[in-house]
Amino acid sequence: PKPSEINTHQEKKKLACAQVRLRIIGQTQIISAENIDTQIGDHLIVNTKSGQTMAKVLNTIRTEKPPQSKAIRKAIPQDILDLEQQKEKEDQLLFQARTSAKKINIPIKMISIHLHQKENQATLYFTCEEKISYNNLLNQLKQDLNMRFTLQQIGSRDAARHISAIGVCGQK
């Protein structure tokens, strides 16, 4: 075989993938995008450990190693509207969660909340200077908001990424 035929054959073995920025924490990840025509700037619906979420395509690549996450489909306009509504709900929940924490004098700084597909479940991202027991907070949140929460402590750099989507390089 000619060298160009070998390269073509090797290229066919590689999987179509995309480097995306997930909505949660703004972290980047390589995902499988087989059978989906992706371009930089597209929004995709992606399966992750915590359920489906939206991600923005940063780059398209081909790789031999299959990624852990997979794109389900391209986002449609209704998905983007749903995301805006979800962000509004998350903002309301964050305000209510801060109020609940003040009731019991827990000195934590709540950064953001991410609603899961099941709307009775959420992850609360926070920072805290001290080491304290969070059981009282979980009980208070469950009582006040009638939801199941997962608490995720993050560092100050991750908190900055949550708030303004600043990456590790210091750029948006």
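To keep things clear, this report deals only with the structure shown in the data block. Counting of residues starts from 1 at the beginning of each chain's written sequence and follows it residue by residue. Only residues with pLDDT of at least 70 get local features here, since the model is predicted, and only at 80 or more are side-chain atom pairs given and counted; chain-wide, interface and lining totals rely on the full set of residues. Side-chain descriptors were evaluated using all non-hydrogen atoms of the structure, hydrogens and water having been removed beforehand.

## Topic: the sheet that holds strand E2 (residues 28-32)
Strand pairing in a sheet is mediated by backbone hydrogen bonds. Such pairs are either parallel or antiparallel. With respect to topology, five strands assemble into a closed barrel ordered E1-E2-E5-E3-E4, the strand pairing being mixed. Averaged over neighbouring strand pairs, the angle between their axes works out to 55° when direction is ignored. Relative to strand E4 (residues 51-63), strand E3 (residues 43-48) runs antiparallel, the two sharing six bridges. Across the sheet, residue Ile-45 finds its bridge partner in E4, namely Met-54. Only heavy atoms matter for contacts: two residues are in contact if any of them lie within 4.5 Å across the pair. A fitted line through C-alpha atoms represents every axis, and for helices the fit uses only the stretch in contact; the resulting angles, taken between N-to-C directions, go from 0 to 180 degrees. Put simply, DSSP H or I for four residues or longer makes a helix, DSSP E for two residues or longer makes a strand, and each gets a number counted from the N terminus. Helix-sheet contacts for helix H2 (residues 77-103) involve E3, E4 and strand E5 (69-74), and the interaxial angle to E4 is about 125°. In this description, strands pair whenever DSSP reports at least two bridges between them.

## Section: the side chain of Thr-123
Looking at the element boundaries, Thr-123 is found in strand E7 (residues 121-127). If we ignore the near neighbours within four places in the chain, the residues touching Thr-123 are Ser-112, Ile-113, His-114, His-116, Thr-150 and Gln-152.

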